[in-house]
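What the coordinates show
Chain residues, written in single-letter form:
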Amino acid sequence: MSDQHNKEIDQITGVETTGHEWDGLKELNNPAPRWWVWVWVATVVWSVGYWVVYPAWPTAWPFFGSGSMEQTGSVTRTTTGATKGTFGWTQYEELEASQAEITARQAQYLDKFQATTSYDQISKDPELYAFAQAGGKALFKNNCAVCHGSGAEGSKGFPNLNDDDWLWGGTLADIEQTLRYGVRSGHDEARQSVMPSFGKDELLEKEEIEQVVDYVLALSSDTGADSNLPGAEIFANNCASCHGENGAGGRDFGAPNLTDAIWLYGGERADISNTVYFAHAGVMPFWEGKLDEDSIRQLTLYVHSLGGGEGEGAAVPEKVSMEVPAEVPAQAEEEPVVTDEEPVAEESSSEVSSEAATELDVDVPAEPSVEEGSNPEAVSDESADK
Ligand code: HEC
Ligand code: HEC
């Protein structure tokens, strides 16, 4: 390294050197342009200003205190552990603005939707129908997917809503009733019937149970009902009142069709004898009062459209796609933040739910129904206790 006064002009470039030299390599003196330096200085000054006026520095308090929540308009604000900044700016304001914009965009449809009281009329208006579908789809993901699966495909104990095999009926009115009041949900108007526990309550002998199970297996087999089986008479005397003479099911009782190959609780011999011995009483929560009227109607239309919807003469138009932001549930209009009072907590978001549904596969009315909490006694799936 050389000294100041050793500075020289580089022969090739004609640029002054800094006097620094390493193994014959000389450093040329090419300082950054003035303007660049000043811009740099300005940004430093600017950033200091930024720290002051905007939230910036983490503070120690989140580690010691417990954060607080504050409701402003439709948005829940959480106090964060950082300096607030003199402008008092927060991202929550931007969120509120974008929520308001979405709400406004939805409003034009929502007003019309609210004014159109008949499902039939909604179904005849492609735009309105598409709006209801989009809202229903988002609501389903938030509220129903945790039990029925994000594609409504169901799992053990939780019916598939895509097929035309209905426990309680697949017309718009049936679906709305199931949704509104639930099944064994503790609501006064809930659908109630419960299959007796033939084994546990000693209504049938063990041998009779085996015989009637043989008969149920025959019902759903290719050969069909076999009236010569000893179980045939047992079935007629004990089961037909709910499941029908021919075992095709009874919707007044939510009694499944036993002649198809669709099983709510499994179609293996062991599953069926388990059902007859202990019985099941699946719980579908009620939604009246938990979801607003618009949401219940949108969900009804959505579930009805999934594939198994049964007609009441309502013409269902072809699917119309429309730009309604899917991530915004229709209920966003009033309460976009899913509140804690909802029976199914925040975790019911779709990622969690698909996992939950697979887990639920193993054991029947697992947590979700208990969590619903409105009527814990109703969760009397005895087989779970076994
Ligand atoms: C806690 C779990 C759970 C949640 C959440 C849930 N369901 Fe259900 N649902 C059930 C169970 C269990 C049944 C079957 C009841 C029975 O055994 O009769 C059912 C039945 C139904 C039926 C009747 C099916 C038929 O074949 O008749 C419909 C329709 C339905 N649910 C729609 C919904 C919709 C829409 C939502 C969301 C708003 C929802 N469910 C949320 C558990 C749930
Ligand atoms: C009081 C009405 C009632 C009677 C009587 C009754 N069941 Fe049921 N059964 C039901 C209901 C309701 C369900 C559905 C339970 C649920 O959804 O949780 C059911 C479910 C079943 C299932 C499960 C079907 C599936 O898809 O997994 C089988 C099997 C069954 N019953 C067989 C019988 C047999 C056999 C008898 C007679 C020994 C009988 N049931 C008597 C109401 C009844």
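All of these numbers come straight from a predicted model, not from anything done at the bench.

**Brief notes about the overall build of the chain**
Along the chain, the regular secondary structure elements total 14 helices and four strands. Of all 386 residues assigned to the chain, the portion counted as buried reaches 30%.

**A closer look at the nonpolar core**
If you look at the biggest cluster of nonpolar residues, it comprises 35 residues, and the most contacted ones within it are Ile122, Leu128, Ala132, Phe140, Leu299 and Val303. At eight residues, the largest contribution of residues to this core is made by helix 5 (residues 126-143). Excluding residues within four positions of it along the chain, leucine 128 makes contact with Tyr109, Lys112, Phe113, Thr116 and Ile122. Formed by 14 residues, the second largest nonpolar core is a distinct cluster that contains Tyr215, Ile234, Cys239 and Ile272.

**Digging into unusual backbone geometry**
The residue alanine 152 is not glycine, and still its phi comes out positive at about 60 degrees. In this fold, alanine 152 is placed in the loop between helix 6 (145-148) and helix 7 (172-181). A residue is classified by how many C-beta atoms lie within 10 Å of it, and alanine 152, with 22 of them, is buried.

**Points about helix 7**
With respect to burial, helix 7 is a largely interior element, seven of its 10 residues being buried. Those residues of helix 7 that fall on the buried side of the exposure criterion are Leu172, Asp174, Ile175, Thr178, Leu179, Arg180 and Tyr181. Packing partners of the buried residues in helix 7 comprise helix 4 (119-124) and helix 12 (293-305). Backbone geometry just after helix 7 places glycine 182 at a positive phi near 80 degrees.

**What to know about the site of ligand 2**
With respect to spatial proximity, 26 residues lie near ligand 2, and among them Met195, Cys239, Cys242, Tyr265 and Gly282 are the closest. When residues of the shell around ligand 2 are traced back to their parent elements, those giving at least two are helix 8 (206-220), helix 10 (240-243) and helix 11 (269-278). In terms of residue class, the shell around ligand 2 is made up of 18 nonpolar, eight polar and no charged.

**A short note on helix 12**
Taking 1.5 Å per residue as the helical rise, helix 12 with its 13 residues ought to reach 18 Å, and the 18 Å between its terminal C-alpha atoms agrees with that figure. The buried fraction of helix 12 is high, at 10 of 13 residues. Regarding helix 12, the residues found buried are Ser295, Ile296, Arg297, Gln298, Leu299, Thr300, Leu301, Tyr302, Val303 and His304. In the stretch just after helix 12, glycine 307 is the one whose phi turns positive, near 145 degrees.

**So, the confidence of the model for the chain**
Mean pLDDT for the chain: 80, with 75% of residues reaching 70 or above. Throughout residues 313-386 the model reports pLDDT below 50, and contacts reaching past four residues in sequence, or to other chains, amount to 129 contacts.

**Quick word on the pairing of strand 1 (residues 17-22)**
Two elements, strand 1 and strand 2 (residues 25-28), share three bridges in a ladder whose sense is antiparallel. Directly across from glutamate 21, in strand 2, lies its bridge partner lysine 26.

**Quick word on the packing of helix 8 against helix 11**
Where helix 8 meets helix 11, the closest approach of the two axes is 10 Å, and the angle between their N-to-C directions is 125 degrees. Between helix 8 and helix 11, the crossing angle belongs to the class labelled oblique. Crossing of helix 8 over helix 11 shows right-handed handedness. Facing helix 8, whose interface residues are Ile209, Glu210, Val212, Val213, Val216 and Leu217, helix 11 presents Arg269, Ile272, Ser273, Val276 and Tyr277. Along the lines of polarity and charge, the residues of the contact of helix 8 with helix 11 split into eight nonpolar, one polar and two charged.

**Some thoughts on the packing of helix 3 (residues 91-115) against helix 5**
It is at 10 Å that the axes of helix 3 and helix 5 come closest, and there the two elements cross at 100 degrees. Here helix 5 runs roughly perpendicular to helix 3, going by the angle between their axes. From helix 3, Tyr109, Lys112 and Phe113 reach across to helix 5, where they touch Leu128, Phe131 and Ala132. Looking at the contact of helix 3 with helix 5 residue by residue, the class counts come to five nonpolar, no polar and one charged.

**Concerning the environment of aspartate 271**
Along the chain, aspartate 271 turns up in helix 11. Looking at aspartate 271, the number of C-beta atoms within 10 Å reads 16, which means it is partly exposed. Beyond its immediate stretch of four places on either side in the chain, aspartate 271 contacts Trp263, Tyr265 and Gly266.

The rules behind the values
- Residues numbered from 1 in each chain as written.
- Chains lettered and ligands numbered in written order.
- Predicted model: local features only at pLDDT ≥ 70, side-chain atom pairs only at ≥ 80, totals over all residues.
- Helix = DSSP H or I, 4+ residues; strand = E, 2+ residues; numbered from the N terminus.
- Buried ≥ 20, exposed ≤ 12 C-beta atoms within 10 Å, placed from the backbone.
- Core = buried A, V, L, I, M, F, W, Y, C linked by C-beta atoms within 7 Å.
- Contact = placed C-beta atoms within 7 Å.
- Near = placed C-beta within 6 Å.
- Nonpolar A, V, L, I, M, F, W, Y, C, P; charged D, E, K, R; others polar.
- Expected span 1.5 Å × (residues − 1).
- pLDDT = per-residue confidence, 0-100.
- Pairing = 2+ DSSP bridges.
- Axes fitted to C-alpha atoms, helices over the stretch in contact; angles between N-to-C directions.
- Parallel < 35°, antiparallel > 145°, perpendicular 65-115°, else oblique.
- Left-handed = near helix turned anticlockwise from the far one by under 90°.

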